Amino acid sequence: MWGIKALTDSLRTDFLVVGAGVAGMRAAIELARHGEVLVVAKDSLKESSSEYAQGGVAVALSDEDEVSLHESDTIAAGDGLCSADAVRVLVEEGPERIQELIEWGAEFDREGSKLLFAREAAHSRSRVLHAHGDSTGREISRALYQKCASIANIEFRSFSAVVDLMMAGGRAAGAYALDEASGALLPIRARCVLLATGGMGRLYRDTTNPDVATGDGVAAAYRCGATVGDLEFVQFHPTALHVEGAPRFLLSEALRGEGALLLNASGERFMQRYHPMAELAPRDVVSRSIVEEMRRENSRHVYLDLSGRGSFVRERFPRIYETCLRHGIDLDQMAAPVLPAAHYAMGGVVTDLWGRTDIMGLYAAGEAACTGVHGANRLASNSLLEGMVYGARAGRVMTETAGTSAAMEPPPEFLVPDMGVDDLRWWSWTEAGLLRSGEGLNRLIARLNRAPMEQRARVTRAAAELRAMHQVVMLIARSALAREESRGAHRRIDYPERSDAFRKHSRVRSSSDEINFS
């Protein structure tokens, strides 16, 4: 048994939602019609990837757009690996989810009474809604939380990191949550569990993600036997602010949609040499092009320039402008130093189109899930829409799951690698980042295998995160090693071409621990 402070009396709820981002809250609203819902967050309720989403939410609502065009753009970005059914669900149900959100009080930017749509990279139409310029995720989260707070059946619990899932009779029956204030583990029993834990960008040295994005949900699902997949596909955002000592703050793709140019250290545009769409090329192309240009010029970053347009940046992107200004960069007057940073995971816990995993009672939605909707590379601004569409879908079917009277199974051993988080993130960035090779991935796997596993005296959030990070980095590395091709966000310098043999999804379960393709 874990070496922990005594377990407290357990909580009981009908439906347990792990994660308070867009997917989790949208599911909670659906579930509350059928019973009590408990939403647990690892940190404060505002600390989620949803809160940091600037670029907007893509949806075919304008008079100049069509659902079929949004569908084809999404599939094109996915580089041959999108699930056509998953994409169709996203684009067809998306407009209803957005209209619903507006009815709940979400305030998107408008021109007069009409919604204002922007264009972003790889979109064939202007279909991206923004809120307050560059605070779209924050505004959607605000509206969803306000809706949740008005429903008596929904309860939130913050600073409660889920350490492991609770299993009974081979099915998910709740979770063990670490109460940060007391240091005690709290068993939470539930009829079923939704993992909406967000992404895993903190596995990498440079990331736009918040500190909570450590892949907890994927690791917990894998430990209890669920299938996870497509983990080799990690998207790197091309333009994160690069100022020493400052967080890698995301400079939205919408900046390039509004005409921002990428300049090298010599002050020259370079993207036209790498792709005919130049700055509006798909983000994986832009990210790799930036890295190539940095190597060519032996520079530490490139520059993103939208200066010389009066107060445009200040008015259109107020949050980005103010953040850069705090670091001495006035975007209306000068270019910002930028480099790519880990941003989004296309892979995750494998689900069907309703959020069901292959473990009874366990569901997943949002970035933690892998429906196949993003394929090998997510189309810009599809993530918030995915959270709402698939969060709502999971909430509808979770009500079909009854509880269990089976005896609770003991939790897995709490073994933590004896290695530093910074070392782990550096190795991940170096060997499993934007450019990969079999040699580098094998080095990373060997390094992870050499780390001694320790039974810690007590469970802490830091230790739980390190355990999850170690497990997920290993799965990313092994999946990337097995995929001997380059596709979407996965680039092997020793296998630079796409291969029809790998036009398949990677899958792995702890019971067999082999990477399979199907």
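Below you will find a few notes about this structure. (Residues numbered from 1 in each chain as written. Predicted model: local features only at pLDDT ≥ 70, side-chain atom pairs only at ≥ 80, totals over all residues. Heavy atoms only, no water.)

Right, let's talk about the overall build of the protein for a bit. If you tally the helices and strands in the protein, you get 14 helices and 25 strands. On C-alpha atoms alone, the protein measures out to a radius of gyration of 22 Å, which is about the 24 Å that the 2.2 N^0.38 rule sets for 518 residues. On the principal axes, the C-alpha backbone points of the protein span a range of 65 × 55 × 45 Å. Here the protein, with 518 residues, has 63% of them falling under the buried criterion. Here the protein has roughly 19,100 Å² of accessible surface; of this, 48% comes from carbon and sulfur atoms. (Helix = DSSP H or I, 4+ residues; strand = E, 2+ residues; numbered from the N terminus. Rg over C-alpha atoms; globule rule 2.2 N^0.38 Å. Buried < 20%, exposed > 50% of the residue type's maximum accessible area, 1.4 Å probe, protein only. Areas by Shrake-Rupley, 256 points an atom, 1.4 Å probe, with all protein chains shown as cover.)

Now for the environment of Ile 75. Mapped onto the elements of the fold, Ile 75 is located in helix H3 (residues 67–77). For Ile 75 and Arg 88, which are 13 residues apart along the polypeptide, the C-alpha to C-alpha distance reads 9.8 Å. Those residues within four positions of Ile 75 in sequence are excluded, and the remaining contacts are Gly 80, Cys 82 and Val 87. (Contact = heavy atoms within 4.5 Å.)

The next subject is helix H13 (residues 438–450). The terminal C-alpha atoms of H13 lie 18 Å apart, and with 13 residues this matches the ideal 18 Å at 1.5 Å per residue to within 8%. Residues Gly 438, Gly 440, Leu 441, Leu 444, Ile 445, Arg 447 and Leu 448 constitute the buried set of H13. At its buried positions, H13 is contacted by helix H12 (421–432) and helix H14 (461–482). (Expected span 1.5 Å × (residues − 1).)

Here we take up the packing of helix H1 (residues 22–31) against helix H5 (residues 136–149). Between H1 and H5, the least distance of the axes is 10 Å, while the angle of their chain directions is 30 degrees. When the interaxial angle is binned, H1 and H5 end up roughly parallel. Along this stretch, H1 crosses H5, giving a crossing that reads as left-handed. Where H1 approaches H5, its residues Val 22, Met 25, Arg 26 and Ile 29 are matched on the opposing element by Ile 140, Ser 141, Leu 144, Tyr 145, Lys 147 and Cys 148. Among the residues forming the contact of H1 with H5, the class breakdown is 7 nonpolar, 1 polar and 2 charged. (Axes fitted to C-alpha atoms, helices over the stretch in contact; angles between N-to-C directions. Parallel < 35°, antiparallel > 145°, perpendicular 65-115°, else oblique. Left-handed = near helix turned anticlockwise from the far one by under 90°. Nonpolar A, V, L, I, M, F, W, Y, C, P; charged D, E, K, R; others polar.)

This brings us to the sheet that holds strand S2 (residues 15–18). Taken in spatial order, the 5 strands line up as S9-S3-S2-S13-S20 in an open sheet, and their pairing is parallel. For this open sheet the edge positions go to strand S9 (154–157) and strand S20 (362–364), each flanked by a neighbour on one side alone. Mean inter-strand twist for the sheet, computed between neighbouring axes without regard to direction, equals 20 degrees. Inspection of the sheet shows strand S3 (residues 37–40) paired to S9 by 4 bridges, in the parallel sense. Looking at the pairing, Val 40 lines up with Arg 157 of S9. (Pairing = 2+ DSSP bridges.)

Glancing now at helix H11 (residues 383–397). An ideal rise of 1.5 Å per residue puts 21 Å on 15 residues; H11 measures up with 21 Å between its terminal C-alpha atoms. With respect to burial, H11 is a largely interior element, 13 of its 15 residues being buried.

Pairing is antiparallel across the open sheet formed by 4 strands, whose spatial order is S15-S18-S17-S16. Strands at the two margins of the open sheet, each flanked by one partner only, are strand S15 (234–241) and strand S16 (261–263). Ignoring strand direction, the axes of neighbouring strands in this sheet form an average angle of 45 degrees. Both S16 and strand S17 (residues 302–305) contribute to a ladder of 3 bridges, which runs antiparallel. Each residue of the ladder has a partner; that of Leu 261, found in S17, is Asp 305.

Let us now look at the state of the cysteines. Scanning the entire structure with this criterion turns up 0 disulfides. There is no disulfide at Cys 148, and the cysteine sulfur nearest it, in Cys 192, is 16 Å away. (Disulfide = S-S within 2.5 Å.)

Positionally, Thr 207 belongs in the loop between strand S13 (192–195) and helix H6 (216–223). The sequence separation of Thr 207 and Thr 404 amounts to 197 residues, and the corresponding C-alpha distance is 40 Å. Setting aside anything within four residues of it in sequence, one finds Thr 207 in contact with Gly 201, Arg 202, Arg 248, Ala 341, Ala 342 and Arg 425. Of the polar contacts made by the side chain of Thr 207, one reaches the backbone oxygen of Gly 201; its length is 3.3 Å. (Polar contact = N/O pair within 3.5 Å; in protein donor to acceptor, adjacent residues only side chain to side chain.)

To continue, consider the side chain of Asp 164. Mapped onto the elements of the fold, Asp 164 is located in strand S10 (residues 160–168). Within the structure, the side chain of Asp 164 is placed 2.8 Å from the side chain of Arg 223, a separation counted as a polar contact. A polar atom in the side chain of Asp 164 sits 2.9 Å from the side chain of Arg 467.

To continue, consider unusual backbone geometry. Of note in the backbone geometry, Asp 79 takes a positive phi value of approximately 55 degrees without being a glycine. Relative to the helices and strands, Asp 79 is located in the loop between H3 and helix H4 (84–103). Owing to a relative accessible area of 18%, Asp 79 belongs among the buried residues under this scheme. Residue Asn 298 is not a glycine yet carries a positive backbone phi of 55 degrees. Looking at the element boundaries, Asn 298 is found in the loop between helix H8 (283–297) and S17.

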